[in-house]
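# Observations on the model geometry
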Amino acid sequence: MGAKEEWQVSCRDIASRRRDMTVFVSQGHIVITVPPGEAAVLTPLEVGRLRAALRDAVVSASNTDM
């Protein structure tokens, strides 16, 4: 087994507190942990859907700032 790759993503929670999400791969699945340790396990296809949803949300949020 190789070195474990992890990615940290800065974010804020619903109360606008700074938080970090951790993304890593486990047994071919993508795992996202968010404080206080909640996790979502996604297949590669689900990660693609999450990416698309995040992209759409960013576009939508950008349009409301005008």
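Up top is the structure these notes are about.
Residues numbered from 1 in each chain as written. Predicted model: local features only at pLDDT ≥ 70, side-chain atom pairs only at ≥ 80, totals over all residues. Heavy atoms only, no water.

This brings us to the pattern of salt bridges. Taken as a whole and assessed by the stated rule, the structure comprises one salt bridge. We note a salt bridge from Asp 56 to Arg 55, for which the minimum N-O separation is 3.9 Å. Since its relative accessible area comes to 43%, Arg 55 is described here as partly exposed. (Salt bridge = Lys/Arg side-chain N within 4 Å of Asp/Glu carboxyl O. Buried < 20%, exposed > 50% of the residue type's maximum accessible area, 1.4 Å probe, protein only.)

Turning our eyes to something else, we now look at the pairing of strand β1 (residues 6-12). The pairing of β1 with strand β2 (residues 18-26) spans seven bridges and is antiparallel. Counted as the bridge partner of Gln 8 is Thr 22 from β2. Between the end of β1 and the start of β2, which pair antiparallel, lie five residues, with Ser 16 showing a positive phi angle near 65 degrees. (Pairing = 2+ DSSP bridges. Helix = DSSP H or I, 4+ residues; strand = E, 2+ residues; numbered from the N terminus.)

Here the focus is unusual backbone geometry. Not every positive phi belongs to a glycine, and Ser 16 is a case in point at roughly 65 degrees. If you trace the backbone, Ser 16 turns up in the loop between β1 and β2. A relative accessible area of 49% means that Ser 16 is categorised as partly exposed. Of note in the backbone geometry, Gln 27 takes a positive phi value of approximately 55 degrees without being a glycine. Within the secondary structure, Gln 27 is located in the loop between β2 and β3 (29-34). Gln 27 sits in the exposed class, given a relative accessible area of 77%.

Moving on to the environment of Leu 42. With respect to the helices, strands and loops of the structure, Leu 42 is situated in strand β4 (residues 38-42). On the basis of relative accessible area, Leu 42 is assigned to the buried category, the value being 13%. For the pair Leu 42 and Ile 32, spaced ten residues apart in sequence, the C-alpha separation works out to 8.2 Å. Residue contacts for Leu 42: discarding those within four places in its chain leaves His 29, Ile 30, Ile 32 and Val 47. (Contact = heavy atoms within 4.5 Å.)

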